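# Geometric and topological summary
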Amino acid sequence: FGHLGITVPDVYEACERFKSLGCEFKKTPNSGGMKGLAFVKDPDGYLIEVLPQGPMITKAVDCDGVAAEGGEGYKDNSRA
């Protein structure tokens, strides 16, 4: 399978908690082309997509300090 997904009330707050617990991110909320969602690895290395329960929102800076505006754009890692 590809990955699992969970919904949370606030993606940015959830990612702050995941970071404080030492989780590894594949994508933070403001990185890449899709803003406001994240991918975190579980202990077995599977990807968990973190999505908002309501509308997709963005905040100025995410848990890794990545700005929503002016940051790095989408990178197609499948062609690396």
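I will try to describe carefully the structure that is included in this document. Every value quoted in this text rests on a predicted model; they were computed, and no experiment measured them.

### Focus: the state of the cysteines
- In total, this model carries 0 disulfides according to the counting rule given.
- Counting only cysteine sulfurs, Cys15 is the nearest neighbor of Cys23, a cysteine outside any disulfide, at a range of 9.3 Å.
- The thiol sulfur of Cys63 is not disulfide-bonded, and the nearest other cysteine sulfur, from Cys15, lies at 4.9 Å.
- Residue Cys63 is classed as buried on the basis of its relative accessible area of 8%.

### Description of helix H1 (residues 11-20)
- Within the span of H1, buried status applies to Val11, Tyr12, Ala14, Cys15 and Phe18. For H1, the buried positions fall inside an angular range of 155 degrees around the axis, keeping them on one side. Pointing more than 90 degrees away from the buried face of H1 are the exposed residues Glu13, Arg17 and Ser20.
- Structurally, H1 contributes buried residues whose contacts are with strand S1 (4-8), strand S2 (25-27), strand S3 (38-41) and strand S4 (47-52).
- Just downstream of H1, Gly22 is the residue with a positive phi angle, here 85 degrees.

### Quick word on the nonpolar core
- Val8, Val11, Ala14, Cys15, Phe18, Phe25, Ala38, Val40, Ile48, Val50 and Cys63 together form the largest nonpolar core, which totals 11 residues.
- For this core, the secondary structure elements donating two or more residues are H1, S3 and S4.
- No other element matches H1, which puts 4 residues into this core.
- Excluding residues within four positions of it along the chain, Ala14 makes contact with Val8 and Val50.

### With respect to a nonpolar patch on the surface
- A grouping of Phe1, Leu4 and Tyr46 is seen on the molecular surface, where their side chains present a nonpolar patch of about 370 Å² in accessible area.
- One can find Tyr46 in the loop between S3 and S4.

### What about the side chain of Thr28?
- For Thr28, the position within the fold is in the loop between S2 and S3.
- There is a polar contact of 2.7 Å between the side chain of Thr28 and the side chain of Asp62.
- When neighbours within four sequence positions are excluded, Thr28 is seen to be in contact with Leu37, Ala38, Asp62, Cys63, Asp64 and Val66.

Rules behind the numbers
- Residues numbered from 1 in each chain as written.
- Predicted model: local features only at pLDDT ≥ 70, side-chain atom pairs only at ≥ 80, totals over all residues.
- Heavy atoms only, no water.
- Disulfide = S-S within 2.5 Å.
- Buried < 20%, exposed > 50% of the residue type's maximum accessible area, 1.4 Å probe, protein only.
- Helix = DSSP H or I, 4+ residues; strand = E, 2+ residues; numbered from the N terminus.
- Arc of directions from axis to C-beta.
- Contact = heavy atoms within 4.5 Å.
- Core = buried A, V, L, I, M, F, W, Y, C linked by side-chain atoms within 4.5 Å.
- Patch = residues over 30% accessible without salt bridge, like charges linked within 9 Å, V, L, I, M, F, W, Y side chains within 5 Å.
- Areas by Shrake-Rupley, 256 points an atom, 1.4 Å probe, with all protein chains shown as cover.
- Salt bridge = Lys/Arg side-chain N within 4 Å of Asp/Glu carboxyl O.
- Polar contact = N/O pair within 3.5 Å; in protein donor to acceptor, adjacent residues only side chain to side chain.

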